[in-house]
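Residue-level structural notes
Read off the chains here:
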Amino acid sequence: MGIFMQSAQGIETVSLSNKKIILGVTGGVAAYKAAELCRLLVKAGAEVRVVMTAAAQQFVAPLTFQALSGKPVLTSLWDAASGDGMEHIHLSREADLLLVAPASADFLARLAHGRADDLLSTLCLARTCTLAVAPAMNREMWGAAATQRNLGRLREDGVAVLGPASGALACGETGPGRMLEPVEILGVLPGLLGAGPLAGRRVLVTAGPTFEAIDPVRGLTNLSSGKMGYAVAQAAAEAGAEVCLVSGPTCLATPAGVRRLDVQSAAEMRDAVVSELPADVFIAVAAVADYRVADAATQKIKKREAPLTLQLVPNPDILAEVAARPDAPFCVGFAAETEQLAGHAEAKRLKKRVPLLVGNLAQDTLGRDTAELVLFDDQGRHPLPRADKLTQARALINHLTRLLN
Ligand code: C5P
């Protein structure tokens, strides 16, 4: 049993056969979307138990979820205390995944503090399975320091945070806070359940800029934000891979389920990458500085009247080095060009001897939330029209999965 989903690269099937999923619904307008999510989960083959908080029942009646899941909806810790009174323990032990959608700001706060004052929060605390939350709230509530602090804590605790998306909100405002569409949530579940197309594969990703010291307080860097590389790491993790992200300096949060190594210079990035080999896939998204300062000063350089000359020496080409190894992973390169994209990108693919190269125009991509990409491989060119970077990253992972297999 499965559901056909349209992606940028074609039709894919999502199957959740034999998976036991607890769908937690908390209080928010997006609770109506959870009904559709419940229907999709059941259609994909999952066995779904719905647990609703008291606030959720103010938005949607439990009967709706009972009809869609084919099972009674659990609403109270005290009802669930029937039998041996340990229903909350049994339920969470049997589940493969606990998915809270929508997750309100209040519920995230309770979760971050380990509260167990209703059935859903108790199940979350007693679980041994993966916990994923799909936040939905007003944009100010989403941006509030307390909410972001709680989310940081939850990510550290290994909770997968799905979304939210940006767009029109129920309150009439526009911004981040919309719950992901049910079909988008469905798409990431196989990866969370270890059943994605990259399950069992090790994927190594570089991201962000590098920083090449001039002296202890100054350096050479570039405008890379790291957004594309982080999105690629997230998409690979969603596809079920074990992901290591080697990151230059960025302000971004580590995607759920991704292990991150922080580096500064190209030399440090090269050493971190080599120390993580062997891997099945290497995706070099980082904007690595081509040069570093030959002799970085050990003390701060003082201002003088005379011009200052810095001698730059070439950095190691990490991607070319990894691709040339006898145990080379499947290598993917990125090329940010300012002109003649197709010519430069294809030349780079052949020179670095990588099977897949992702080209983009630097001025259209650097630091932005969206990107227009072209994939170059042995078969030719595959354009990916402009979309947000996570959508592009998922399309890239789909494409490379097909080439890998
Ligand atoms: O040669 P160029 O810098 O344009 O190539 C870009 C690709 O090579 C990117 O995938 C980038 O991450 C990788 N690269 C690298 N080490 C370098 C320079 C680039 O891995 N020193």
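Please read these numbers as outputs of a predicted model, since none were measured by experiment.

**Considerations on the nonpolar core**
For soluble globular proteins, the rule of thumb is that nonpolar side chains tend to be buried together. Counting 36 residues, the largest nonpolar core has Leu23, Leu41, Phe65, Leu99, Ile185 and Leu189 as the members making the most contacts within it. Those elements giving two or more residues to this core turn out to be strand S3 (20–25), helix H1 (31–43), strand S4 (47–52), strand S5 (97–103), strand S6 (130–135) and helix H8 (182–192). Counting residues in each nonpolar core, the second largest holds 34 residues, with Phe330, Val332, Leu375 and Leu396 among its members.

**Focus on the layout of surface pockets**
Its boundaries defined by the atoms lining it, the largest pocket holds a volume of some 1500 Å³. For the largest pocket, the lining is made up of 42 residues, of which Arg155, Gly163, Pro164, Gln234 and Leu390 are closest to its centre. At the level of elements, helix H7 (145–156), strand S7 (160–161), strand S8 (165–168), H8, helix H9 (227–238) and helix H14 (389–404) are the ones that each hand at least two residues to the lining of the largest pocket. With six residues, the single largest contributor to the lining of the largest pocket is H9. Taken together, the residues of the lining of the largest pocket break down into 22 nonpolar, 12 polar and eight charged.

**Comments concerning the site of the ligand**
Around the ligand lies a shell formed by Ala284, Ala286, Val288, Asp290, Pro316, Asp317, Ile318, Leu319, Gly333, Phe334, Lys348 and Lys352. Ala286 is positioned with one of its backbone polar atoms (N or O) 2.7 Å from an oxygen atom of the ligand. Relative to its unbound accessible area of 450 Å², the ligand is 86% covered by the protein chains. One can see that the ligand is located within the second largest pocket. Only helix H11 (318–323), strand S18 (330–337) and helix H12 (341–352) provide two or more residues apiece to the shell around the ligand. Residues of the shell around the ligand, tallied by class, amount to seven nonpolar, one polar and four charged.

**Here we look at the environment of Leu189**
As for its position among the elements, Leu189 is in helix H8. Taking relative accessible area as the criterion, Leu189 reaches 0% and is therefore assigned buried. Not counting residues up to four positions away in its chain, the partners in contact with Leu189 are Leu16, Ile21, Leu41, Leu97 and Leu99.

**Side note on the sheet that holds S3**
Pairing within the open sheet is parallel, and its five strands lie in the order S4-S3-S5-S6-S7. Taken across any chain shown, the strands that pair with only one partner, and hence form the sheet edges, are S4 and S7. Here six bridges tie S3 to S4, and the two strands are oriented parallel to one another. The residue of S4 that forms the bridge with Lys20 is Glu47. Sitting on the sheet, H8 is in contact with S3, S5, S6 and S7, with an inclination near 155° to S5.

Parameters at a glance
Residues numbered from 1 in each chain as written. Predicted model: local features only at pLDDT ≥ 70, side-chain atom pairs only at ≥ 80, totals over all residues. Heavy atoms only, no water. Core = buried A, V, L, I, M, F, W, Y, C linked by side-chain atoms within 4.5 Å. Buried < 20%, exposed > 50% of the residue type's maximum accessible area, 1.4 Å probe, protein only. Helix = DSSP H or I, 4+ residues; strand = E, 2+ residues; numbered from the N terminus. 1 Å grid on protein atoms, 1.4 Å probe; cavity = no way out; pocket = protein on both sides within 12 Å on 5 of 7 lines; lining within 4 Å. Points joined across faces, edges and corners; volume = space filled by probe spheres on them. Nonpolar A, V, L, I, M, F, W, Y, C, P; charged D, E, K, R; others polar. Near = heavy atom within 4 Å. Polar contact = N/O pair within 3.5 Å; in protein donor to acceptor, adjacent residues only side chain to side chain. Areas by Shrake-Rupley, 256 points an atom, 1.4 Å probe, with all protein chains shown as cover. Sits in = over half its atoms within 2 Å of the grid points. Contact = heavy atoms within 4.5 Å. Pairing = 2+ DSSP bridges. Axes fitted to C-alpha atoms, helices over the stretch in contact; angles between N-to-C directions.

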